[in-house]
Amino acid sequence: MTEPGPSPAAARPPRFGRLRRLVVEALKFGTVGAAAFVVDNGTYFLLVNGPGHLFAPHPVTGSIVASVVATAFSYIGNRYWAFSKRRAKVPIREAIGFAIANVIGILITGACLYLSRWVFDFHSVGADAVARNLGIALGTIFRYISYKFW
């Protein structure tokens with residue numbers, strides 16, 4: 001009778017497990033981010049162009065509201081799904097850092113829309129979409145750098 005060899009899981013180097021976890025985490029993070037992008041743009045479109053045109057006269061305010069909704073969605077998705085195994089020991093500290101980085105990110109998006117609307121005088125749905133998506137991209141870069149250093 002021969003002794004069984006090492007199990008396939010035991011034969012894999014530990015780095016493979018870490019790499020797999022990192023890839024899964026990155027995919028979850030990307031999924032949450034993509035969904036938050038849809039929530040952000042969808043909410044903005046409904047607030048500014050949808051029934052009742054609630055924020056039509058104030059698109060930057062509508063943009064801020066939409067970004068706050070998307071940020072809350074992103075926080076919940078990342079904290080409880082994408083990074084559920086890496087939650088901070090002190091949630092209030094994590095939430096404060098997240099809030100500061102996101103308030104600045106939201107202001108970047110609002111500033112891009114403001115510049116488009118009132119400095120460059122673009123007032124179309126398409127121009128709003130370009131300005132907001134540029135702002136979302138710049139805000140995302142800022143958030144990423146902030147999360148890395150804070």
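In case you missed it, the structure is sitting above this.
Residues numbered from 1 in each chain as written. Predicted model: local features only at pLDDT ≥ 70, side-chain atom pairs only at ≥ 80, totals over all residues. Heavy atoms only, no water.

### Observations concerning the pattern of salt bridges
1) Next: Applying the stated criterion across every chain yields a total of 2 salt bridges.
2) Next: In this structure, arginine 132 and aspartate 40 form a salt bridge, with 2.5 Å as the shortest nitrogen-oxygen distance. Of this pair, arginine 132 sits in helix H5 (residues 125-149) while aspartate 40 sits in helix H2 (residues 14-49); the two residues are 92 residues apart in sequence, bridging distant segments of the chain. A single burial state applies to arginine 132 and to aspartate 40, both of which are buried.
3) Next: Its salt-bridge partner being aspartate 128, residue arginine 117 comes within 2.7 Å of it at the nearest N-O pair. Of this pair, arginine 117 sits in helix H4 (residues 91-119) while aspartate 128 is found in helix H5, placing the two residues 11 residues apart along the sequence.
4) Next: Among the residues examined, arginine 117 registers a relative accessible area of 10% and is labelled buried.
5) Next: Residue classification places aspartate 128 among the buried residues on the basis of a relative accessible area of 2%. (Salt bridge = Lys/Arg side-chain N within 4 Å of Asp/Glu carboxyl O. Helix = DSSP H or I, 4+ residues; strand = E, 2+ residues; numbered from the N terminus. Buried < 20%, exposed > 50% of the residue type's maximum accessible area, 1.4 Å probe, protein only.)

### Concerning unusual backbone geometry
1) Next: Of note, the phi angle at histidine 53 is positive, near 45°, even though the residue is not glycine.
2) Next: Note that histidine 53 resides in the loop between H2 and helix H3 (59-82).

### Here's the deal with the side chain of asparagine 102
1) Next: Topologically, asparagine 102 is positioned in helix H4.
2) Next: Owing to a relative accessible area of 5%, asparagine 102 belongs among the buried residues under this scheme.
3) Next: A distance of 2.5 Å separates a polar atom in the side chain of asparagine 102 from a polar atom in the side chain of arginine 143.
4) Next: Apart from residues lying up to four places away in sequence, asparagine 102 is in contact with Thr71, Arg143 and Tyr147. (Polar contact = N/O pair within 3.5 Å; in protein donor to acceptor, adjacent residues only side chain to side chain. Contact = heavy atoms within 4.5 Å.)

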